[in-house]
Amino acid sequence: MSSRGSGGRSNGALPQTKICQFKLVLLGDMAVGKSSLVLRFVKGQFDEFQETTIGAAFLAQSVCLDDTTVKFEIWDTAGQERYHSLAPMYYRGAQAAIVVFDITKPETFERAKAWVKELQRQASPNIVIALAGNKADLAEKRLVEYEEAQAYAEDTSLLFMETSAKTAMNVNEIFLAIAKKMPKTDTQNPTHAARHRGVNLQDPDAQSTRACCGGN
Ligand SMILES: Nc1nc2c(ncn2[C@@H]2O[C@H](COP(=O)(O)OP(=O)(O)OP(=O)(O)O)[C@@H](O)[C@H]2O)c(=O)[nH]1
Ligand SMILES: [Mg+2]
């Protein structure tokens with residue numbers, strides 16, 4: 001995973017690097033591996049004894065797509081039921097969400113579906129939602145079939161990948177797939193777009209006049 005860019009406009013010879021910033025929220029039942037996915041994506045690490053999240057945690061990480069650096073501001077929420085009422089604070093205004101379940105626990109898949117419904121009802125209408133079937137390394141304990149989750153994701157227009165924070169399988173890939181799906185320039189309502197979809201931080205005019213994000 002790399003980040004790049006900063007330093008203003010190009011000197012003419014090289015294409016300009018855009019930096020776009022998006023708010024991404026992770027939701028899902030407790031212990032499905034939300035924090036572990038973030039830890040893997042941001043720091044390349046895994047902790048067998050990852051502590052349960054209290055409230056929420058914030059981290060940031062960037063991915064590069066051609067001439068665009070997509071910076072994710074990541075809100076990793078707490079899955080324990082008692083924190084449920086806090087979730088809208090974190091998904092409000094989010095442009096992307098990863099809803100996580102554990103492939104060894106069918107009840108977490110049901111919980112993931114409930115999160116997707118809540119996001120579709122209450123989050124931003126254009127939010128990009130990805131479904132992550134985590135702990136794919138525990139294949140021998142699998143109780144949610146890949147095909148079942150994939151069919152649900154297709155019906156609901158979600159990105160879907162099975163992931164493993166432990167082995168790193170599909171962790172960078174799911175963030176990259178989301179980055180690729182982030183909306184491109186909203187020419188209809190640029191000020192709104194800059195506030196809600198992403199801002200080209202390197203273009204002094206862009207913060208009020210132009211949203212980005214492209215690169216594929
Ligand atoms: N085998 C395996 N274990 C995992 C994986 N991801 C997370 N775990 C383990 O599952 C447990 C819970 O992981 P967390 O990342 O804390 O889960 P969480 O969803 O953030 O949980 P809350 O913060 O309580 O909502 C920890 O013991 C992790 O080490 C994975 O991909 N494979
Ligand atoms: Mg956590």
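See the structure shown above.
What you are looking at is a predicted structure, and each value in this text was computed from that prediction instead of being measured.

Student: Explain the nonpolar core here, please?
Tutor: Grouped burial of nonpolar side chains is what soluble globular proteins tend to show. If you look at the biggest cluster of nonpolar residues, it comprises 28 residues, and the most contacted ones within it are Leu24, Phe72, Ile74, Ile98, Phe175 and Ile178. A per-element tally of this core places helix H5 (residues 171–181) first, with six residues. Each residue touching Phe72, except ones within four places of it in the same chain, is listed here: Phe22, Leu24, Phe41, Leu59, Ala60, Gln61, Val63, Phe175, Ile178 and Ala179. Ranked by size, the runner-up nonpolar core spans 25 residues in total, among them Ile103, Ala112, Ile127 and Val144.

Student: Teacher, can you tell me more about the site of ligand 1 here?
Tutor: Taken together, 24 residues surround ligand 1, and among them Lys34, Ser36, Thr52, Gly79 and Asp137 come closest. Interatomic distance of 2.8 Å between a backbone N/O atom of Glu48 and an oxygen atom of ligand 1. Per-element tally for the shell around ligand 1: the top contributor is helix H1 (residues 34–43), with three residues. Of the residues assigned to the shell around ligand 1, the class counts are seven nonpolar, nine polar and eight charged.

Student: Please explain the coordination of the magnesium ion (ligand 2) as it appears in this structure.
Tutor: Each donor-metal-donor angle would ideally measure 109.5 degrees in four-coordinate tetrahedral geometry, or 90 or 180 degrees in six-coordinate octahedral geometry. Looking at the magnesium ion (ligand 2), one finds its protein donor set to be Ser35 (OG) and Thr53 (OG1), positioned 2.0 Å from the metal centre. In this pair, Ser35 is assigned in helix H1 and Thr53 in the loop between H1 and strand E2 (56–65), connecting sequence segments 18 residues apart.

Student: Honestly, the side chain of Ser164 in this entry has me stumped. Any pointers?
Tutor: Along the polypeptide, Ser164 turns up in the loop between strand E6 (159–162) and H5. Apart from residues lying up to four places away in sequence, Ser164 is in contact with Asn134, Lys135, Ala136, Asp137, Met169 and Val171.

Student: Would you mind showing me how to read the pattern of salt bridges here?
Tutor: Working definition: two side chains of opposite charge can pair if their charged atoms are close together. What the rule picks out here adds up to five salt bridges. The shortest N-O distance in the salt bridge between Asp102 and Lys105 comes to 3.8 Å. Salt-bridge contacts for Lys135 lead to Asp102; the nearest nitrogen and oxygen are separated by 3.5 Å. Of this pair, Lys135 sits in the loop between strand E5 (128–134) and helix H4 (146–155) while Asp102 sits in strand E4 (residues 96–102), placing them 33 residues apart in sequence. A network of salt bridges, in which partner residues are shared, links Asp102, Lys105 and Lys135.

Student: Could you clarify how one ought to interpret unusual backbone geometry in this entry?
Tutor: Comment: phi is negative for the bulk of residues other than glycine, and the bulk of peptide bonds are trans. One non-glycine residue, Ser157, lies in positive phi territory at about 60°. Here Ser157 shows up in the loop between H4 and E6. The exposure class assigned to Ser157 is exposed, which follows from its relative accessible area of 60%. Positive phi, normally seen in glycine, also occurs at Asn170, with a value near 60°. Structurally, Asn170 can be placed in the loop between E6 and H5.

Student: Where do I start with the layout of surface pockets in this structure?
Tutor: To find leftover empty space, one rolls a probe the size of a water molecule over the atoms. Approximately 430 Å³ is the volume found for the largest pocket. Lining the largest pocket are 26 residues; nearest its centre among them are Ala31, Gly33, Ser36, Gln50 and Lys135. No other element matches H1, which puts three residues into the lining of the largest pocket. Its residues assigned to classes, the lining of the largest pocket comprises eight nonpolar, 10 polar and eight charged.

Student: Explain the pairing of E5 to me, please; I cannot follow it from the model alone.
Tutor: A regular strand places its side chains so that they alternate between the two faces of the sheet. Within E5, seven of the seven residues are buried, which leaves it mostly tucked inside the rest of the structure. Covered by surrounding structure in E5 are Val128, Ala130, Ala132 and Asn134 together with Ile129, Leu131 and Gly133, the residues of both alternating faces. Handedness of the crossover is the feature at issue here: the chain leaves E4, passes through helix H3 (residues 106–122), returns alongside E5, and the resulting connection is right-handed. In this structure, E5 lies alongside E6, joined through four bridges in parallel fashion.

Student: When you look at the sheet that holds strand E3 (residues 68–77) in this model, what are you seeing that I'm missing?
Tutor: In a beta sheet, neighbouring strands are held together by backbone hydrogen bonds and run either parallel or antiparallel to one another. If you trace the six strands from one edge of the open sheet to the other, you get E2-E3-E1-E4-E5-E6, paired in mixed fashion. The open sheet has two edge strands, E2 and E6, and neither has a second partner. Looking at each pair of strands side by side, their axes are set apart by 25° on average, direction ignored. Relative to E4, strand E1 (residues 18–28) runs parallel, the two being bridged by five bridges. By the bridge assignment, Val25 is partnered in E4 with Ala97. Along the sheet face, H1 touches E1, E2, E3, E4 and E5 and points at about 150° away from the line of E3.

About the cut-offs
- Residues numbered from 1 in each chain as written.
- Chains lettered and ligands numbered in written order.
- Predicted model: local features only at pLDDT ≥ 70, side-chain atom pairs only at ≥ 80, totals over all residues.
- Heavy atoms only, no water.
- Core = buried A, V, L, I, M, F, W, Y, C linked by side-chain atoms within 4.5 Å.
- Buried < 20%, exposed > 50% of the residue type's maximum accessible area, 1.4 Å probe, protein only.
- Helix = DSSP H or I, 4+ residues; strand = E, 2+ residues; numbered from the N terminus.
- Contact = heavy atoms within 4.5 Å.
- Near = heavy atom within 4 Å.
- Polar contact = N/O pair within 3.5 Å; in protein donor to acceptor, adjacent residues only side chain to side chain.
- Nonpolar A, V, L, I, M, F, W, Y, C, P; charged D, E, K, R; others polar.
- Donors = N, O, S within 2.8 Å, 3.2 Å for Na, K, Ca; no water.
- Salt bridge = Lys/Arg side-chain N within 4 Å of Asp/Glu carboxyl O.
- 1 Å grid on protein atoms, 1.4 Å probe; cavity = no way out; pocket = protein on both sides within 12 Å on 5 of 7 lines; lining within 4 Å.
- Points joined across faces, edges and corners; volume = space filled by probe spheres on them.
- Right-handed = clockwise from strand over helix to strand, strands pointing away.
- Pairing = 2+ DSSP bridges.
- Axes fitted to C-alpha atoms, helices over the stretch in contact; angles between N-to-C directions.

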